[in-house]
Amino acid sequence: MTRQRRTIIAVLLYQRWKRRRRYWVHPINLARWQYGEYHRLIMELRLHDDLFQRYFRLSRELFDELLARVGPRIARENTHFRQAIGPAQRLAICLRYLATGDSFATIAFSYRVGHCTVGRVVKEVAAVIWDVLVPEFMPVPSVEDWRAIAEGFHQRWNFPNCVGSVDGKHVVLQAPGNSGSLFFNYKGTFSIILLAVVDADYLFRVVDVGGYGRTSDGGSLHNSAFGEGLRDGTLDLPQDAVIPGSEQRGPMPFVFVGDEAFPLRRNLMRPFPGRHVPGVQRVYNYCLSRARLVVECAFGILSSQWRMYRRVMGVSPTTAETCVKATCILHNFLRVMTLRTEHRTAGVGYCQPDDVGDCLQGVSRMGTNNATREALRVRDSFASYFSEEGAVPWQVQP
């Protein structure tokens, strides 16, 4: 490169650096208080509860309840240069993105704010939603919490000593820059992994978000804090207990249930492998699948409620992780607050395991799983229980 050419390039870069913005705030955005979507459409939607629910995926009362909780943390002060976006509008922008998955540009035009402002608001508000709600709606389970979860699985899904259904799902992203094949999954898309433990009422009790898309279910479990606690015995699970009506089998451990992608462990049950298995093993696979589908149903509800999962998220993996955590805690917030105000209804009507969509894809299966003798003994004990004293009239007969 000649010296003259280098000089020309340096001058052009300097002029570009010195270029001033045409507007501090664009004139169109200055009119947001008169014509912006929040100050026009949403004020009208407040007069129609059903339309407000469809727009935000929250009722008007729950929106105000959520605003009261997170408002002080997301409020910003006005300056001499411009008036800050209010906490209610910031929450509305974040919820609208989570509910639709629209691009930041689309939401920016609707609310008459800057494109970069929308991205910043979504990331900040989603993080605050998680931080504020998680102590109440997804606390670290204690021994009594695990016992209550096990009671729920026994009553509703006829699986005793079950403390959660575990599974992993892909959340599809645009290819992150300079990431190589870390986020590239076996279905040919780029994704991060949501690993979740769900109780009998479709509530997320443990979530681990952000695993690389190339990782299997077993690998995600191994790399997560939950998997580490499961291996080390630090999850505060209850002591082994006798199943009512099955005292002759002695104390049985409290277990999580998963599909064939997970390894078999003393506190983690998976199905017997193969298509053609003996009758007792077939009954066990049916009972385990019935309890395990709870997590698939929870993913279906999550995907139907928050449509960002139905699109390829055009954000960074860090922002995607923050948004996924926000939707999980909002899922719990909605269900718990609804159950507090209404009578408990049967959850079967919400079960949508096949309605997860392309952006919540099942994580790949593992090749082989080497189980310990203790884990095999526990699984055989459960298999015998389901074919004898724990049998239900509608299950597959041996």
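Calculation notes
Residues numbered from 1 in each chain as written. Predicted model: local features only at pLDDT ≥ 70, side-chain atom pairs only at ≥ 80, totals over all residues. Heavy atoms only, no water. UniProt positions renumbered as here; feature names shortened; annotations may be inferred. Helix = DSSP H or I, 4+ residues; strand = E, 2+ residues; numbered from the N terminus. Areas by Shrake-Rupley, 256 points an atom, 1.4 Å probe, with all protein chains shown as cover. Core = buried A, V, L, I, M, F, W, Y, C linked by side-chain atoms within 4.5 Å. Buried < 20%, exposed > 50% of the residue type's maximum accessible area, 1.4 Å probe, protein only. Axes fitted to C-alpha atoms, helices over the stretch in contact; angles between N-to-C directions. Parallel < 35°, antiparallel > 145°, perpendicular 65-115°, else oblique. Left-handed = near helix turned anticlockwise from the far one by under 90°. Contact = heavy atoms within 4.5 Å. Pairing = 2+ DSSP bridges. Salt bridge = Lys/Arg side-chain N within 4 Å of Asp/Glu carboxyl O. Phe/Tyr/Trp six-rings, centres within 6.5 Å; stacked < 30°, edge-to-face > 60°. Lys NZ or Arg CZ within 6 Å of the ring centre and 35° of its normal.

For the chain, the name recorded in an unreviewed UniProt entry is DDE Tnp4 domain-containing protein, with Coilia grayii as its organism. One UniProt comment on the chain, placed under Subcellular location (unreviewed entry), says "Nucleus". What UniProt records for the chain under Sequence similarities (unreviewed entry) is the sentence "Belongs to the HARBI1 family."

Student: Please clarify how the overall build of the chain should be interpreted in this entry.
Tutor: On a plain count of helices and strands, the chain comes out with 15 helices and six strands. In the form shown here, the chain has an accessible surface area of approximately 20200 Å², with 52% of it arising from carbon and sulfur atoms.

Student: Got a minute to help me understand the nonpolar core in this structure?
Tutor: Where a protein is soluble and globular, its nonpolar side chains tend to be buried together. Counting residues in each nonpolar core, the largest one holds 115 residues, and the members touching the most others are Leu91, Tyr97, Tyr111, Phe204, Trp306, Phe333 and Phe382. With twelve residues, the single largest contributor to this core is helix 13 (residues 279-305).

Student: Explain the packing of helix 9 (residues 115-137) against helix 14 (residues 317-341) here, please?
Tutor: Between helix 9 and helix 14, the shortest axis-to-axis distance is 8 Å and the interhelical angle comes to 45 degrees. With respect to each other, helix 9 and helix 14 are oriented oblique. With respect to the hand of their crossing, helix 9 and helix 14 are arranged in left-handed fashion.

Student: Explanation requested: the side chain of Arg292 in the structure shown.
Tutor: Tracing the backbone shows Arg292 in helix 13. Among the residues examined, Arg292 registers a relative accessible area of 12% and is labelled buried. The residues touching Arg292, leaving out its near neighbours within four places in the chain, are Ser165, Asp167, Val257, Gly258 and Asp259.

Student: Is there a simple way to think about the pairing of strand 3 (residues 204-212) in this case?
Tutor: Across a regular strand the side chains alternate sides, sitting on one face of the sheet and then on the other. In this sheet, strand 3 lies alongside strand 2 (residues 190-198) in antiparallel orientation, the contact comprising seven bridges. If you follow Leu194 over to strand 3, its bridge partner there is Val209. Connecting strand 2 to the antiparallel partner strand 3 that follows it, the hairpin turn spans five residues, and Tyr202 within it adopts a positive phi of roughly 65 degrees.

Student: Mind showing me how you'd approach the pairing of strand 2 here?
Tutor: Taking burial as the measure, the nine residues of strand 2 include eight buried ones, the bulk of the element. The pairing of strand 1 (residues 162-173) with strand 2 spans nine bridges and is classified as antiparallel. Bridging from a neighbouring strand, His170 pairs with Ile193 of strand 2.

Student: I'm lost on the pattern of salt bridges in this one. Help?
Tutor: Pairing between side chains becomes possible if they bear opposite charge and their charged atoms approach one another. Tallied over the entire structure, the rule returns 19 salt bridges. With a shortest N-O distance of 3.0 Å, Arg205 and Asp199 are connected by a salt bridge. Overall, the relative accessible area of 18% leaves Arg205 in the buried class. Asp199 gets classed as buried once you look at its relative accessible area, which sits at 5%. In this structure, Arg266 engages Asp240 in a salt bridge whose closest nitrogen and oxygen atoms are separated by 2.4 Å. Of this pair, Arg266 sits in the loop between strand 4 (255-257) and strand 5 (268-269) while Asp240 sits in the loop between helix 12 (225-232) and strand 4, and the two are 26 residues apart along the sequence.

Student: Is there a simple way to think about the packing of aromatic side chains in this case?
Tutor: Given two aromatic rings, their pairing is described by the distance between the two centres and the angle made by the two planes. The final tally for this structure, using the stated rule, is 17 aromatic pairs. On the basis of an interplanar angle of 90 degrees and a centroid distance of 5.1 Å, the ring pair of Phe226 and Phe256 is categorised as edge-to-face. Placement of the pair is Phe226 in helix 12 and Phe256 in strand 4, with a sequence separation of 30 residues. The buried category is assigned to Phe256, whose relative accessible area is 0%. Where Phe272 meets Tyr284, the ring centres are 5.1 Å apart and the plane angle is 75 degrees; that geometry is what we call edge-to-face. You can see Phe272 sitting in the loop between strand 5 and helix 13 and its partner Tyr284 sitting in helix 13, a full twelve residues away along the chain. One aromatic cluster in this structure is built from Phe159, Phe272, Tyr284, Phe382, Tyr385 and Phe386. In this structure, Arg96 is placed above the aromatic ring of Tyr55, and the distance from its NZ or CZ to the ring centre is 4.0 Å. The residue whose ring lies beneath Arg379 is Phe272, and the NZ or CZ to ring-centre distance is 4.2 Å.

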